[in-house]
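One-letter residues, chain by chain:
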Amino acid sequence: MRPERKQPSHCDACHLSRFDIYRKVPKDLTQPTYTGAIISVCCCLFILFLFLSELTGFITTEVVNELYVDDPDKDSGGKIDVSLNISLPNLHCELVGLDIQDEMGRHEVGHIDNSMKVPLNNGAGCRFEGQFSINKVPGNFHVSTHSATAQPQNPDMTHVIHKLSFGDTLQVQNVHGAFNALGGADRLTSNPLASHDYILKIVPTVYEDKSGKQRYSYQYTVANKEYVAYSHTGRIIPAIWFRYDLSPITVKYTERRQPLYRFITTICAIIGGTFTVAGILDSCIFTASEAWKKIQLGKMH
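If you're wondering where the values come from, they're calculated on a predicted model, not measured in any experiment.

Calculation rules
- One numbering rule holds for all chains: residues counted from 1, following each sequence as written.
- Only residues with pLDDT of at least 70 get local features here, since the model is predicted, and only at 80 or more are side-chain atom pairs given and counted; chain-wide, interface and lining totals rely on the full set of residues.
- Side-chain numbers here rest on the full set of heavy atoms in the structure, without hydrogens or water.
- Helix and strand definitions here come from DSSP, where helices need a minimum of 4 consecutive H or I residues and strands a minimum of 2 consecutive E residues; each element is numbered from the N-terminal end.
- The buried label goes to any residue with under 20% of its type's maximum accessible area, the exposed label to any with over 50%, and the partly exposed label to all in between, with areas taken from a 1.4 Å probe on protein chains only.
- Two residues form a contact once any of their heavy atoms are found within 4.5 Å.
- The protein chains shown are the only cover counted for residues, whose accessible areas, like all others here, come from Shrake-Rupley with a 1.4 Å probe.
- UniProt positions are given in the numbering used here, feature names are shortened, and annotations may be inferred rather than shown by experiment.
- Salt bridges are identified by distance alone: a Lys or Arg side-chain nitrogen within 4 Å of an Asp or Glu carboxyl oxygen.
- Strands were regarded as paired on the criterion that DSSP finds at least two bridges between them.
- Two N or O atoms form a polar contact when they lie within 3.5 Å of each other; inside protein one atom must be a possible hydrogen donor and the other a possible acceptor, and for residues adjacent in sequence the pair counts only when both atoms belong to side chains.

Concerning the overall build of the chain
In terms of regular secondary structure, the chain is built from three helices and 13 strands. Across the 301 residues of the chain, 34% fall into the buried class. Contacts in the chain between residues far apart in sequence, at least 24 positions, make up 80% of those at least 6 positions apart. Of the roughly 19,400 Å² of accessible surface on the chain, a fraction of 58% belongs to carbon and sulfur atoms.

Now the structure itself:
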């Protein structure tokens, strides 16, 4: 004979049912009402609005910036790439030259590597475009007639700066910085014999995208002055000076995206919190309505 299976006793089932966290809602709390329907529709619209807002924030890339003291581009060999584009509409190209000096002893007159001169105004003017590097020490580079074989009598240094930038070009929508602070500077109405001093404070800048790739650029602030300079022989020899110094502070921009787990947690909190508050509100309205009905019935009797 097979042994009879022992059926769980009624007491054992009672103990087990205590662990049921999904207990049934009393029937009196499931009574449908117009107020409950309105609150439910409002809750769904509110949840949809918050969900779309959080989804937009999750998809959008956030750019976080921080400051620290360091030389970010240690592989550059202590050099900074410079890009200069400047027009001198009243100075012949054979007179225009670029000179570079710094505190490490560099003194280069008439730099010509990676540079180009484009005649303007039927040869009466010149646009100078150059790509060169400078050392990471205080110094200057200047556009002048110093490298010309014969100095002109009245050199006209009125100019327009189209571009002056350092390092890699950053074209990022969420980063607004002074990477080309002198771009568009117009000195065409200045004294033709005046020298121009642009004093630059260069700030190293790092941009790191979501993949971890870093690009190194430099922002800069600028102050300028205009004056007439005389040589030791009494002649006026104007120039366009760019005197620079480096800031020890580095600005770093980092692309970040909200983690998936945080997005899911926020959505769960929105749904649960909205329905909880809505349930409390509906319960209060329902209780108040029932109490008012009882008061009205009491008055009728």
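From this point on, the discussion continues.
Re the UniProt feature "transmembrane region" (unreviewed entry) in the chain
Here the UniProt feature "transmembrane region" (unreviewed entry) sits at residues 33-52 and 260-281. With 100% helix and 0% strand, the stretch residues 260-281 has end C-alpha atoms that lie 32 Å from each other.

Here's the deal with the pattern of salt bridges
Overall, the coordinates contain seven salt bridges when judged by the stated rule. Notably, a salt bridge pairs E108 with R106, separated by 3.0 Å at the nearest N-O pair. Between D245 and K201 there is a salt bridge, with its nearest N and O atoms 3.5 Å apart. Of this pair, D245 sits in strand β12 (residues 240-246) while K201 sits in strand β10 (residues 195-208), placing them 44 residues apart in sequence.

Section: the pairing of strand β11 (residues 214-227)
Note that strand β8 (residues 160-167) and β11 share two bridges and pair antiparallel. Of the residues in β11, the one forming a bridge with G167 is S217. Strand direction decides the pairing type here: β10 and β11, joined by 14 bridges, are antiparallel. Paired with Y207 across the bridge in β11 is R215. Hairpin geometry of β10 and β11 is characterised by an intervening segment of five residues between the two adjacent antiparallel strands and by a positive phi of about 95° at G212.

Remarks on the side chain of T158
Its location among the elements puts T158 in the loop between β7 (139-144) and β8. Side chain to side chain, T158 and N90 meet in a polar contact 3.3 Å long. Apart from residues no more than four positions distant in its own chain, T158 is found in contact with S87, L88, P89, N90, R187, L188, S190 and P192.

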